[in-house]
Structure formats: C-alpha cells, structure tokens
Amino acid sequence: MDILYLFPSCNPPLSRLIELLLPLNPRYYSICNSPLSSHNVIKIVFSLIKLENKPWHPTDRFGLCTRWLDRLATELNSVGNGVKEKIQLSVIARMVNTFHLPDNTTRPIIMVGPGTGVAPFIGFLEHRDKLHTTQEKELGTCHLYFGCRHSKGDFIFKEELDTFKTNNVLTEFQTSFSRDIGSPYRYVQDMMRENGKELFRLIREDNAVFYLCGDAKNM
C-alpha cells in the first residue's frame, strides 16, 4: 500500500492485488495466568501497535490483530456481563517443551521479561503462589528482571508483582525504565550486568533455570 501511495499513477486491478497478498500468519501470545487459579480461563496481554502518519501514508495504521483485540476488549468491557452474543475465536496452542516451571519447586529460577515479555512470568508467579498456598509446596528463590519505557504508563502488572514480592513468591524484583529521567538502570541488561556475579553463582552453583521472553526483533 505504501508503494501505491507513493506512486498514485500505479493503478493495478484489485484482483491482482488480492492475488499478491500473503496469508496472515498466526499471532502467538503467552498465557499469563495459572490453571490452578482459573482452569477454564486464559488471559493474555498485548501492546497496541500504532504506526505514525507518513507523507506517503496520510492515515494512522495499527497492528492488525492487536487493534482487533483492543476493540473486542473495549466492547466487552462496555457491556459487561450483559453481552448476549457469543464471540468465537480460533485458537492455536503452540506447545513449547522447554519453557515451563521446573518440577522441583525449590529450584531457583531467573526470569527476564521486558515489556509484555513479562506475561508468562505472571503466570509462573501465580502458579508458584497457588502451589505454596494450596499444596504447601516449598519454593526456591525467584528473580525477575523487568523493564519498560516509563514507570507511570508502561509498568504493567505492577500491583500483582508487588503482591508477589510481599508474599515472598518473588524473591528479587529488579526494574528499569529507559525513558525515566533519574532511573538507576536503563535496560534489563544493565541490571543483569550489575548483578552478574550473583546470577552466575545461581546458575553455576544452585542450578538455577534461566528464562527470557520478549520482542526478539527489538530486544
């Protein structure tokens, strides 16, 4: 479409344009809740992507799936429990055999999740909390490194994370805010570098599990 805006004299038939369109790829989102707390509910988190106006594209553009999810969530929140129409979604489960909590609940874990990359770790922490409170499981140390741009507008799950920290489900919680003036750390790697010796000790001596989740393109 950008090419057509740049070259208005180019006027191909609509049928030809449709032929050139590639099938939409599935969008994958991490589940951010535990089946122990809600076995029939799946929660996800997403960022609403907005592309600013350009001279060759005079209108705002949004991420295709995230824009749709945002409109859907807004509509459902506006009508509350009074919604009568069923909304059917096509869901594909992508199994990842290595990205899960260790069977041994006392084994230390290190989680790095900038931005919405923290989503699966919210599910991890909720699961650890349920294992401890309902099954009296002993928990090992748990470290989380979280970063975003602004502490005021981008700090998602702040209340939940503070509660996990208060309840000792989360042992160490480090944050960085790349656009906040005066923030001691700018990015998660700055915090990890500062705590490098402790992270090395946890992995080498205590056999800690290391998890990393985030935007692979921009992280």
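Residues numbered from 1 in each chain as written. Predicted model: local features only at pLDDT ≥ 70, side-chain atom pairs only at ≥ 80, totals over all residues. Heavy atoms only, no water.

Participant: Just checking my understanding: could you explain unusual backbone geometry for this structure?
Facilitator: Across residues other than glycine, the phi torsion is negative in most instances, and most of the peptide bonds are trans. Positioned with a positive phi, Asn 168 is a non-glycine residue whose angle comes to about 65 degrees. One can find Asn 168 in the loop between helix H5 (158-166) and strand S5 (172-177). For Asn 168, a relative accessible area of 61% corresponds to the exposed category. Of note, the phi angle at Asn 207 is positive, near 60 degrees, even though the residue is not glycine. Inspection of the secondary structure puts Asn 207 in the loop between helix H7 (196-204) and strand S6 (209-212). By relative accessible area, which is 45% here, Asn 207 ends up partly exposed. (Helix = DSSP H or I, 4+ residues; strand = E, 2+ residues; numbered from the N terminus. Buried < 20%, exposed > 50% of the residue type's maximum accessible area, 1.4 Å probe, protein only.)

Participant: Is there a simple way to explain the sheet that holds S5 in this structure?
Facilitator: In any sheet, the strands associate via hydrogen bonds between backbone groups, in a parallel or an antiparallel arrangement. Across the sheet, four strands lie side by side as S5-S4-S3-S6; this open sheet has parallel pairing. Looking along the sheet, the strands with just one partner apiece sit at the ends: S5 and S6. On average, each strand axis in the sheet is inclined to that of its neighbour by 10 degrees, with strand direction left out of account. Note that strand S4 (residues 142-148) and S5 share six bridges and pair parallel. Following the sheet pairing, Leu 144 is matched in S5 by Phe 173. Strands strand S3 (109-112), S4 and S6 of the sheet are contacted by helix H4 (residues 119-135), whose axis makes an angle of about 150 degrees with S3. (Pairing = 2+ DSSP bridges. Axes fitted to C-alpha atoms, helices over the stretch in contact; angles between N-to-C directions. Contact = heavy atoms within 4.5 Å.)

Participant: Any chance you could explain the nonpolar core here in plain terms?
Facilitator: If you look at soluble globular proteins, the nonpolar side chains tend to sit buried side by side. Met 111, Leu 125, Leu 144, Leu 161 and Leu 170 are the most contacted members of the largest nonpolar core, which has 26 residues in total. Contributing elements (two or more residues each) for this core: S3, H4, S4, H5, S5 and S6. Looking at this core, the element that brings in the most residues is H4, giving five residues. Among the nonpolar cores identified, the runner-up in size contains nine residues, and Met 191, Met 192, Leu 199 and Ala 208 belong to it. (Core = buried A, V, L, I, M, F, W, Y, C linked by side-chain atoms within 4.5 Å.)

Participant: Is there a simple way to think about the pairing of S3 in this case?
Facilitator: For a regular strand, the rule is simple: side chains alternate between the two faces of the sheet. Here S3 shows two buried faces, one formed by Ile 109 and Met 111 and the other by Ile 110 and Val 112. Relative to S4, S3 runs parallel, the two sharing four bridges. Among the inter-strand pairings, Met 111 is bridged to a residue of S4, identified as Leu 144. In terms of handedness, the path from S3 via H4 over to S4 forms a crossover that is right-handed. Pairing analysis gives four bridges linking S3 to S6, with the strands arranged parallel. Among the inter-strand pairings, Val 112 is bridged to a residue of S6, identified as Leu 212. (Right-handed = clockwise from strand over helix to strand, strands pointing away.)

Participant: Help me out: how do you make sense of the pattern of salt bridges in this one?
Facilitator: Any two side chains of opposite charge can pair, on the condition that their charged atoms come close. The tally for this structure, following the rule as stated, stands at five salt bridges. Between Asp 190 and Arg 193 there is a salt bridge, and its shortest N-O distance comes to 3.2 Å. Pair noted here: Asp 190 and Arg 193 are both in helix H6 (residues 188-194), with a separation of three residues, about one helical turn. The salt bridge partner of Arg 201 is Asp 206, with a shortest N-O separation of 2.9 Å. (Salt bridge = Lys/Arg side-chain N within 4 Å of Asp/Glu carboxyl O.)

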